[in-house]
Amino acid sequence: MAKPLWIGGRFVDAASDEVIAVINPATEEVVDTVAAGTAEDARRAIEAANEAFPSWRRVPGVEKAGLLHEVASRLRSKAEELATTLTLEGGKPLIENRDEMGWSAAYFDYYAEIGRHCRGRVLPSIEDSQLSLVLKEPYGVVACIVPWNYPILLMTWKVAPALAAGNTVVIKPSSVTPLSTLMFAEIFDALPPGVVNIIAGAGSVVGDELVASPRTHVVAFTGSTSVGQRIAALAAPLVKKVHLELGGKDPFVVCEDADLDVAVPGVAWAALLNAGQVCTSTERVYVQQSIFDEFTTRIAEHVQSLRVGPGMDPTTDIGPMARAPYRAKVEHQVGDAVIRGARVLAGGRRPPELPRGFFYEPTVLVNVEPDMEIMREETFGPVIPIAAYGTFDEAIELANSSAYGLGANLYTHNAIYIKRFYEEVKAGTIWINDPLTDNDAGPFGGMKLSGTGRELGEEGIEEFRETKHVHWDFSMEHKMWWYPYEQYNRESGYLEG
Ligand code: NAD
């Protein structure tokens, strides 16, 4: 039987019999099926969240924090089961999914405390008899639309701050990885019914309903830039707040002073983690020309030593890609680059020993040109295209030569280069000598086509709090600037007598 939806604190059947078949990317076999929610189901979930909102927003901060800590603790006790399910449906090596569960639990703990501590403020008043308050209010119902590559982590980045701010939520997981998210029903059961609702279904059906409904008040979306643009357009007539975490094409600049014992495995990891299916994957590498040959030879050797295999095998470094069309896109981009003169130093094909599953060998490309698709469009696969640069000015220009601006990486100890890089490169996160590291307190998000808004940190909770200014005069005195204006003019000295 297909896994049901979770609405109003209980499992419910979908309005239609349609199901989503969840595929194991390492074997191409069906793992399980999930009920495909309809627009009507989405409306039910939205209503449940609206019903739960008035009392959830009034739950005292300390109590709310306790409940969110309880979510974190339940998540920790289910972490192994969740990580295994996520490897079966998404393909990531189990160790990476174990990390994902640990980080996600930490975010619930973090926002439990942030939510408890950060409120509004009291302003200096104009007169002694007045109080001027800045209130931070929840919006209402937040639609959380999540992709498949880090489905639990990215769900947490939305749900934890949204709840801590006093909103209720409807979560729509990707149809690629709905199983692990639906397992959260048991975890979110710690909260009052309707505070969290989970509904799987097609983006164009459930997703569109969540975005276009006047009964949702914020859309928090992580996914591709094209879907993000559609969501922004759909939400515009309602002037609904939309938070978009979108695609990327992150550069990695390796300077001449970089320690290659660190930089070679570091760049490889930044490009190949989760088979390159990370929004902040390194997708363009620029290496100073004096170390180019040594760097490319060493990274090709390193990449060839990595083991490709099923995510459940503890010896696997690189798992399968999540679905066949994502691999087909990588094959297209690599093929196009090779036809146009790129040279494959490693990989560049499906591993012959793994005929089933959506595997692709980690690939190193050189002789790449800026106008090739592989250097311009998001690849979202295990490919490391490397180009040489001469001066540091050139490196910065190349790093900025993208329509995206999610993250950017640098290996150097040269303080002048570092300062120039973080000031001049347009990206939401700059990593220096430590690629892809998240910090609970560090805001994360994109510039340019990579999105708007920030997750994590104090900025992450502000996305879900609306500001209201309250001006309160408790003297109840008549003010001179009210009608009649004749008196006002006289008292102001504009009228004689
Ligand atoms: P996607 O855009 O195809 O789907 C993301 C989610 O949106 C899914 O739940 C999907 O069902 C839903 N959706 C699809 N069409 C919709 C519509 N019309 N209305 C509403 N919802 C709709 O992305 P994906 O393939 O799941 O994920 C990969 C993409 O996500 C990559 O581009 C990657 O860079 C991006 N991503 C960005 C970040 C970030 O933080 N910036 C993080 C992870 C992934």
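Residues numbered from 1 in each chain as written. Predicted model: local features only at pLDDT ≥ 70, side-chain atom pairs only at ≥ 80, totals over all residues. Heavy atoms only, no water.

Summarising the element assignment, Glu137 is placed in strand E6 (residues 130–138). Distance from Glu137 to Arg57, taken between C-alpha atoms, is 8.5 Å for residues 80 residues apart in sequence. Not counting residues up to four positions away in its chain, the partners in contact with Glu137 are Arg57, Phe464, Arg465, Glu466 and Lys468. Here the side chain of Glu137 touches Lys468 through a polar contact of 2.8 Å, side chain to side chain. (Helix = DSSP H or I, 4+ residues; strand = E, 2+ residues; numbered from the N terminus. Contact = heavy atoms within 4.5 Å. Polar contact = N/O pair within 3.5 Å; in protein donor to acceptor, adjacent residues only side chain to side chain.)

The space that makes up the largest pocket amounts to roughly 900 Å³. Along the walls of the largest pocket sit 37 residues, with Trp148, Phe221, Gly223, Ser224 and Val227 positioned nearest its centre. Of all the secondary structure elements, the ones that give two or more residues to the lining of the largest pocket are helix H8 (203–212), strand E10 (218–222), helix H9 (225–235) and helix H12 (324–339). Per-element accounting of the lining of the largest pocket gives the leading share, six residues, to H9. (1 Å grid on protein atoms, 1.4 Å probe; cavity = no way out; pocket = protein on both sides within 12 Å on 5 of 7 lines; lining within 4 Å. Points joined across faces, edges and corners; volume = space filled by probe spheres on them.)

With that settled, consider helix H15 (residues 415–424). One turn of the α-helix equals 3.6 residues, which is why residues spaced by three or four share an orientation. Within H15, burial applies to Tyr417, Ile418 and Phe421. Down the axis, H15 shows its buried residues gathered within 100 degrees of arc, on one side only. Exposed residues lying more than 90 degrees from the buried face of H15 are Ala415, Ile416 and Glu423. Where H15 begins, the side chain of Asn414 points an oxygen toward the backbone nitrogen of Ile416, at a separation of 2.9 Å. (Buried < 20%, exposed > 50% of the residue type's maximum accessible area, 1.4 Å probe, protein only. Arc of directions from axis to C-beta.)

Attention now goes to H12. If you check H12, its first and last C-alpha atoms are 22 Å apart, about what 16 residues at 1.5 Å a residue would give, namely 22 Å. Burial in H12 covers these residues: Arg327, Val330, Gln333, Val334 and Ala337. The buried side chains of H12 occupy one side of the element, clustering within an arc of 125 degrees when seen end-on. Structural note: H12 exposes Pro325 and Ile339 on the side pointing more than 90 degrees away from its buried face. The elements touched by buried residues of H12 are strand E15 (363–366), helix H13 (373–376) and strand E16 (383–389). Once H12 finishes, Gly341 follows within two positions and takes phi at roughly 115 degrees, a positive value. (Expected span 1.5 Å × (residues − 1).)

Across all of its chains, the model carries 12 aromatic pairs by this definition. Aromatic pair Trp148 and Tyr326: ring centres 4.7 Å apart, planes at 10 degrees, arrangement stacked. In this pair, Trp148 sits in the loop between strand E7 (141–145) and helix H5 (151–164) while Tyr326 sits in helix H12, placing the two residues 178 residues apart along the sequence. For Trp148, a relative accessible area of 12% corresponds to the buried category. You can call Tyr326 partly exposed: its relative accessible area is 27%. Chaining the aromatic ring pairs together yields one cluster made of Tyr107, Trp157 and Phe444. Here Lys64 stacks its cationic end above the ring of Trp56, 5.4 Å away from the centre of that ring. The residue whose ring lies beneath Lys92 is Tyr150, and the NZ or CZ to ring-centre distance is 4.3 Å. (Phe/Tyr/Trp six-rings, centres within 6.5 Å; stacked < 30°, edge-to-face > 60°. Lys NZ or Arg CZ within 6 Å of the ring centre and 35° of its normal.)

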